[in-house]
Amino acid sequence: MARRSTRVAALSLVGLVVVGSATGALMSVDPPAPAGRTAPVAADPLARAERRVREAPGDWRTLADLGLAYVERARATGDPGYYPRAQTALERSVAVRAADNAPAELGLAALAAARHDFPTALRHADSALAADGYLAAAHGARADALIELGRYDEGFAAVQRMVDLRPDASSFARASYTWELRGDPGRARAALERALAAAPDAATTTFALYQLGELAFGTGDLDHAGRRFDEGLARAPQDVTLQIGRARVLAARGQTTRALADYAAVVNRLPNPAYLAEYGDLLTAHGEPGKARAQYDLVRAGQRLLGAQGVNTDLELALFDADHDAAPAALEAARAAYAARKSVFAADALGWALHVNGRSAEALPYAREAQRLGTRSALLAYHLGVIEAATGDREHARTHLETALTINPHFSVAHAPRARAALANLGGDR
């Protein structure tokens, strides 16, 4: 399954040029208040919100807080069973106060985004902004939805508006992602480095370290990625994202036994479909196809569970099925994903699904569309190169396969060796 970065945790930067227009012109913001004070440790937000609802069951703000807390708990635990609880709390808040209820609309936007229903997320973000146009978090929710829908100019502008209103953790996180999408990992990394220096709490520090590690891994810098993941694990030894990051680095370095142990430990605690798919691919590469199939079965079971809780997994399933012998299902899912959102990742998924179904000529325009932002993704470049080779365009195929392996020679346990083999067949030197 593909990994796509999101920047949604707390970051706080001072005086950083953060986000540009789609044409690359830079905009700056005034610095926020000085950072550096250590925030007190708060009680569990969900337990606090549940207690407050019991004390004030008709309080629309309390109900909105509870709904948001359920969305966050679902994200943290990987348990989609929290989504119906979130919806109930948020709808109760709206029932109490239908007009000018920005907190509940923001919560509904977050819930819709978590379920990958981005048109609905955008509608609720706009409703929140109609109630409070200065609510920075609503501009962030709007930006998230627009970007996932492939409306990049509008999404980048929404991020800038969020930064202008409140240059804090969330706004700078999103700004970092916009630079990554536009193929500028240097600016994305600078944002995250400054975020790390200004992180107000342990959770933000852990998030920033993980994202810095992922960014380094995505550019093939295993040493820097490993240092960031290890630094994070020294602070938060049980953090599953950092454990997965370390496992990727270990696998890339050929330390397969240790990598497999990390993957096994994580999926036993959190059977996230993306982690299960990576674990299965590593098992396949290690010559354990039976164990790999067991992980792939769990991937599909997990996706069914997500679907039962209202989560749209078309995009994720399209890529997984395309790579795991379910080409017709991949194409069906990819078409649905692209119909719902014209993002570069949806275009890539549709192109790849068409290719594995033997329709490479139809795939090529979508694979090229996936390059429209200049995103430096080894996987996107690999898909394009393979499709170009299948259509007889050997010169461009060599270029894009070389690009994929230059960006990150370890981008995929399954596909990096295939990229090298395909390049050799085309007369390349990798």
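Before any of the text, the structure's been laid out above.
Numbers given to residues run from 1 along each chain, matching the order in which its sequence is written. In keeping with the model being predicted, local features are shown solely for residues with a pLDDT of at least 70 and side-chain atom pairs are shown and tallied solely at 80 or more, while totals for entire chains, interfaces and linings include all residues. Computation of side-chain values: all heavy atoms of the structure, hydrogens and water removed.

(A) Geometry of helix 15 (residues 289-308). Here helix 15 spans 29 Å end to end across 20 residues, near enough to the 28 Å set by a 1.5 Å rise per residue. Burial here depends on accessible area, computed with a 1.4 Å probe over protein chains only, as a share of the maximum for the residue type. Under 20% is buried, over 50% is exposed, and the range in between is partly exposed. Per the convention used, a helix needs a DSSP run of H or I reaching at least four residues, while a strand needs a run of E reaching at least two, with both numbered from the N terminus. Buried within helix 15 are the following residues: Ala292, Gln295, Tyr296, Val299, Gly302, Gln303 and Leu306. End-on view of helix 15: buried residues confined to an arc of 115°, all on one side of the axis. In this structure, helix 15 carries Arg293, Asp297, Arg304 and Ala308 as exposed residues pointing more than 90 degrees from its buried face. Working rule for contacts: check all heavy atoms of both residues, and any pair within 4.5 Å makes them a contact. Elements in contact with the buried residues of helix 15: helix 13 (256-269), helix 14 (273-285) and helix 16 (314-323). Take the number of residues in a helix, subtract one, and multiply by 1.5 Å to get its expected span. Here the arc refers to the set of directions running from the helix axis out to each C-beta atom.

(B) Representation of the pattern of salt bridges within the structure. Here, a salt bridge means any side-chain nitrogen of Lys or Arg that lies within 4 Å of a carboxyl oxygen of Asp or Glu. Summed over the entire model, instances satisfying the criterion amount to 17 salt bridges. Measuring nitrogen to oxygen at the nearest pair gives 2.6 Å for the salt bridge that ties Arg75 to Glu72. Residue Arg75 and its partner Glu72 are both found in helix 2 (residues 60-77); the two are separated by 3 residues, about one turn of the helix. Among the ionic pairs, Arg151 bridges to Glu154, the shortest N-O distance being 2.9 Å. Residue Glu154 is classed as partly exposed on the basis of its relative accessible area, which comes to 34%. Among the ionic contacts, a cluster of salt bridges with common partners joins Glu193, Arg228 and Glu231.

(C) How the structure looks around the packing of aromatic side chains. Any two rings among Phe, Tyr and Trp, with Trp reduced to its six-membered ring, count as a pair given centres within 6.5 Å; such a pair is stacked if its planes are under 30 degrees apart, edge-to-face if over 60, and tilted if neither. Going through the model one piece at a time under the given rule, you end up with 8 aromatic pairs. For the ring pair Tyr210 and Phe229, a centre distance of 6.0 Å and an interplane angle of 40° mean the geometry is tilted. Here the residue Tyr210 occupies a position in helix 10 (residues 202-218), and Phe229 occupies one in helix 11 (residues 222-235), the gap between them amounting to 19 residues. Each member of the pair Tyr210 and Phe229 is classed as buried. Relative to Tyr382, the ring of Trp352 has its centre 5.7 Å away and its plane inclined at 50°; by these criteria the two rings are tilted.

(D) View of the nonpolar core. What is meant by a nonpolar core is a set of buried Ala, Val, Leu, Ile, Met, Phe, Trp, Tyr and Cys residues, joined one to another through side-chain atoms within 4.5 Å. Ile147, Tyr152, Leu181, Trp352, Tyr382, Leu401 and Phe411 are the most contacted members of the largest nonpolar core, which totals 58 residues. With 9 residues, the top contributor of residues to this core is helix 18 (residues 344-356). When residues no more than four places from it in sequence are discounted, the contact partners of Tyr152 are Ile147, Leu181, Ser343, Val344, Arg372 and Leu373. Counting 21 residues, the second-largest nonpolar core is a separate cluster that includes Leu250, Ala251, Leu282 and Phe320.

(E) Representation of unusual backbone geometry in the model. Phi is positive for Asp100, which is not a glycine, with a value near 55°. Residue position: Asp100 is located in the loop between helix 3 (82-96) and helix 4 (102-114). The class for Asp100 is exposed, based on a relative accessible area of 53%. Phi is positive for Asp325, close to 65°, though the residue is something other than glycine. With respect to the secondary-structure elements, Asp325 resides in the loop between helix 16 and helix 17 (327-340).

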